[in-house]
Amino acid sequence: MAAGLRAWRGRVCPSCWLRGWCLSPGLPGARLAHGGAADQLQREYDAVVIGAGHNGLVAAAYLQRAGVRTAVLEKRHVLGGTAVTEEIVPGFKFSRASYLLSLLRPQIYTELELQRHGLRVLPRDPYSFTPLLEDRSPPRSLLLGHDMAQTQQQIAQFSKKDAQAYPEYEAFMGGLVSALNLLLDAPPVDTAALGQGSLLQRLRALQALRPLLRAGMALGWQLPRYYEVLTAPISKILDQWFESEPLKATLATDAVIGAMASPHTPGSGYVLLHHVMGELDGQRGAWGYVAGGMGALSQAIARAAAAQGAHIFAEKAVCHVLLGRDRQAQGVTLQDGTEVRSKLVLSNASPQITFLELTPQEQLPKDFVQRIRQVDTRSPVTKINVAVDRLPSFLAAPNTHDGQPLPHHQCSIHLNCEGTHLLHHAFTEATHGHPSSRPMIELCIPSALDPGLAPQGCHVVSLFTQYTPSVLAGGQPWDEQARNAYADTVFDCIEAYAPGFKASVIGRDILTPPDLERIFGLPGGNIFHGGMSLDQLYFARPAPSYSGYRSPIPGLYLCGSGAHPGGGVMGAAGRNAAQVALEDFRHL
């Protein structure tokens, strides 16, 4: 039957055959070609990377590029960690976890020649669409794009004052992003070495101060105002700039997305900055879809690493890190008992998996283990991937008769964002163990720009929703009933904005926080490997005195999102960790 369905691709959407398709989380999607997979795993390398998430692949590419013989070992059947493309419903290719690209460091694009290795990014303009539920016909909506004059026209529907203030707000936030940008591509300052290290270590630590000093100088006289942005609730900052609730709520989504936080939570401003510090084609803050889904990005990085000679394997689960008598990392042991020896081990896994599961506890300092256990990994996220047989038609912007995508269909579509009070209420429900009754929904339709992701006339829809607690009230499990009840709530909300959506659904894949942890290894389902609050950033990520990618175990490095500068498909942690490991390798 599946072969028959695939044969229909390009002719008609097989909705009558697939209707009601529902996947239990964890069932394998279609296998993708493993870019650069070696024929046979060798028993010894210079470096082993645990996990083929995008950071692990980036680290491997840089290590191999420097002549360090490197193997990457991935436990899943597909490369990419959360940056994967999986054919969950036959004929529909989903970016199953992460779904947009912006934050990937520009150096990685150029140094690894990712375009030559097949990466193609589809920019979005406009990029944000917020339809409203209101008693008027048609309801209003807010469409934001890179044309400032058009964006101001849209904002003026709600407040002419806000429309005038918006360019200054963008410039103000841009100044802070430019300063913080200087801190992303180098390890944090080693404060321990500054105070007690050898002369050489102190000199290195002083050298590492330069990005921090340059960032401070870039902030200049605005430092007090920028300090407030980093520490205050984002609602307070937005209230200083704007008066219209739809605009404030739309902007606030970037401050809480992926975070168990409300717009009223102190420090939520940094998460907003984290989501606007990327760029595409020189456009700051722009986000785009990867042609072929997010897995195409991972494949391009894997091809770049393999072209240099790296060996990359799927379905090779590591069960622990091998240590020598001197406590030095000496390689890894696989679940099948195979030992792979190496001088360096870089872990793309979370700090919790790396240090609480893969590393012998007795070999780690007790205070370090306690710090890792105390990392806040709460996640509000449930990701729902949906196959539909037609484009959603919003009351605020109805489809045309031909059913072709309109400009707003390429956007991040924000639902239940009429005001920041709705986001706060959704958050409050989750803090009491209840999934939000009116969740914050970011709806994306990548097939609007990349039609090859679905059969002709059909589309793939990504729903990034919150707030859903990892642990439900009363200890209730996230079983099929709870999972489907929440998804039905989400679909009912979408139906209110786009009548007919529920009837268009062919199949859905529901990933609650426990599912995200089980399938992708995200601790607590947290997409950042740990909260992005100020107490868990820079010097303190993943723990004080260990923010520079080295761990308490010599030769073992953290290269994933749990290390500086944190989560998102950025690649900085992988690139930075590889540089630190290379420096140590040259002294072995």
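Residues numbered from 1 in each chain as written. Predicted model: local features only at pLDDT ≥ 70, side-chain atom pairs only at ≥ 80, totals over all residues. Heavy atoms only, no water.

Asker: How would you sum up the overall build of the protein chain? Please name residues and give values.
Answerer: Secondary structure assignment for the protein chain yields 20 helices and 22 strands. Put simply, the protein chain has 588 residues, and 59% of those count as buried. For the protein chain, the exposed surface amounts to about 22,800 Å²; the carbon and sulfur share of it is 52%. (Helix = DSSP H or I, 4+ residues; strand = E, 2+ residues; numbered from the N terminus. Buried < 20%, exposed > 50% of the residue type's maximum accessible area, 1.4 Å probe, protein only. Areas by Shrake-Rupley, 256 points an atom, 1.4 Å probe, with all protein chains shown as cover.)

Asker: Tell me about the sheet that holds strand β14 (residues 329-334), and name the residues and values.
Answerer: Taken in spatial order, the 3 strands line up as β13-β14-β15 in an open sheet, and their pairing is antiparallel. Because the sheet does not close on itself, it has two edges, and the strands there are β13 (318-323) and β15 (339-341). Pairwise comparison of adjacent strand axes, ignoring direction, gives a mean angle of 25 degrees for this sheet. Sheet topology note: the β13/β14 ladder contains 5 bridges and is antiparallel. Bridged to L322 within β14 is G331. (Pairing = 2+ DSSP bridges. Axes fitted to C-alpha atoms, helices over the stretch in contact; angles between N-to-C directions.)

Asker: Talk me through unusual backbone geometry; I want residue IDs and the actual numbers.
Answerer: A negative phi angle is the norm for most residues apart from glycine, just as the trans form is the norm for most peptide bonds. In this chain, S137 is followed by P138 through a cis amide linkage whose omega measures -5 degrees. Structurally, P138 can be placed in the loop between β7 (128-131) and β8 (141-144). Cis geometry marks the peptide bond from H564 to P565, where omega comes out at 5 degrees. Here P565 shows up in the loop between β22 (556-558) and α20 (572-585). You will see that R327, though not glycine, has its phi angle at about 70 degrees, which is positive.

Asker: Residue-level account of the pattern of salt bridges, with values.
Answerer: Applying the stated criterion across every chain, the model contains 23 salt bridges. Here the salt bridges share partners, and the residues they tie into one network are R76, E86, R96 and D509. (Salt bridge = Lys/Arg side-chain N within 4 Å of Asp/Glu carboxyl O.)

Asker: Quick one: what's the story with the pairing of strand β17 (residues 381-388), residue by residue and with numbers?
Answerer: Across the 8 residues of β17, 8 count as buried, placing the element largely inside the fold. Every second residue of β17 is oriented toward a common face, with V381, K383, N385 and A387 on one face and T382, I384, V386 and V388 on the other, all of them buried. Examined bridge by bridge, β17 and strand β20 (residues 459-466) share 8 bridges and lie antiparallel to one another. When the bridges of β20 are listed, A387 appears paired with V460. Alignment of β17 against strand β21 (residues 505-511), held across 6 bridges, turns out to be antiparallel.

Asker: Explain the environment of Q456 to me, using residue names and the numbers behind them.
Answerer: As for its placement among the helices and strands, Q456 is situated in the loop between β19 (440-444) and β20. You can call Q456 partly exposed: its relative accessible area is 47%. As a C-alpha pair, Q456 and G91 span 365 residues in sequence and 9.9 Å in three-dimensional space.

Asker: Explain the packing of aromatic side chains to me, using residue names and the numbers behind them.
Answerer: Within the structure shown, the criterion is met by 14 aromatic pairs. Ring plane angle 80 degrees and centroid distance 5.4 Å describe the contact between F491 and F501, whose orientation is recorded as edge-to-face. Placement of F491 in helix α17 (residues 480-497) and of F501 in helix α18 (residues 501-504) is noted, with a sequence separation of 10 residues between them. Its relative accessible area of 1% is what places F501 among the buried residues. Put simply, the rings of Y166, Y169, F172, Y226, W241 and F242 pair up and form one aromatic cluster. (Phe/Tyr/Trp six-rings, centres within 6.5 Å; stacked < 30°, edge-to-face > 60°.)

Asker: Describe the sheet that holds strand β16 (residues 344-347), naming the residues involved and giving the relevant values.
Answerer: What the 5 strands build is an open sheet, ordered β12-β3-β2-β16-β22; its pairing is parallel. One side of each edge strand has no neighbouring strand; the edge strands of this open sheet are β12 (311-313) and β22. Here the strands of the sheet are splayed against their neighbours by 15 degrees on average, with no regard to which way each runs. Where β16 lies against β22, 3 bridges are found, and the strand directions are parallel.

Asker: Tell me what's going on with helix α15 (residues 366-374), and back it up with residues and numbers.
Answerer: Looking only at α15, the buried set comprises F368, V369 and I372. Mapping the buried residues of α15 onto a view down its axis gives an arc of 100 degrees, with all of them on the same face. Opposite the buried face of α15, by more than 90 degrees, sit the exposed residues K366, D367, R373 and Q374. On its buried face, α15 sits against α14 (351-358). (Arc of directions from axis to C-beta. Contact = heavy atoms within 4.5 Å.)

Asker: I'd like a description of the environment of S547, backed by residues and values.
Answerer: Locating S547 in the fold gives a position in the loop between α19 (513-520) and β22. The buried category is assigned to S547, whose relative accessible area is 6%. Sequence separation of S547 and L537 is 10 residues, and the distance between their C-alpha atoms is 8.7 Å. Apart from residues lying up to four places away in sequence, S547 is in contact with P188, V189, Y538, F539, R541, P542 and H564.

Asker: Explain the pairing of strand β5 (residues 92-95) to me, and be specific about the residues and the numbers.
Answerer: Looking along a regular strand, one sees the side chains alternate between the two faces of the sheet. Where strand β4 (residues 85-89) lies against β5, 3 bridges are found, and the strand directions are antiparallel. Bridged to T85 within β5 is S95. Connecting β4 to the next strand, β5, in antiparallel fashion are 2 residues, including G91 with a positive phi near 90 degrees.

Asker: Tell me about the environment of C417, and please be specific about residues and values.
Answerer: With respect to the element layout, C417 can be found in the loop between β18 (412-415) and α16 (420-431). For C417, a relative accessible area of 0% puts it in the buried group. Put simply, C417 and P131 are 286 residues apart on the chain and 8.3 Å apart in space, counted from C-alpha to C-alpha. Not counting the four nearest positions on each side in its chain, C417 is found in contact with T130, P246, A249, T253, L423, M440 and Y497.

Asker: How would you sum up the confidence of the model for the protein chain? Please name residues and give values.
Answerer: On average, the protein chain scores 90 in pLDDT, and the residues at 70 or more come to 90%. Note that pLDDT drops below 50 for residues 1-12; the model gives that stretch 18 contacts with residues more than four away or on any other chain. Low pLDDT (under 50) marks residues 14-38, which in the prediction has 77 contacts with non-local residues, meaning those over four places away or in another chain. (pLDDT = per-residue confidence, 0-100.)

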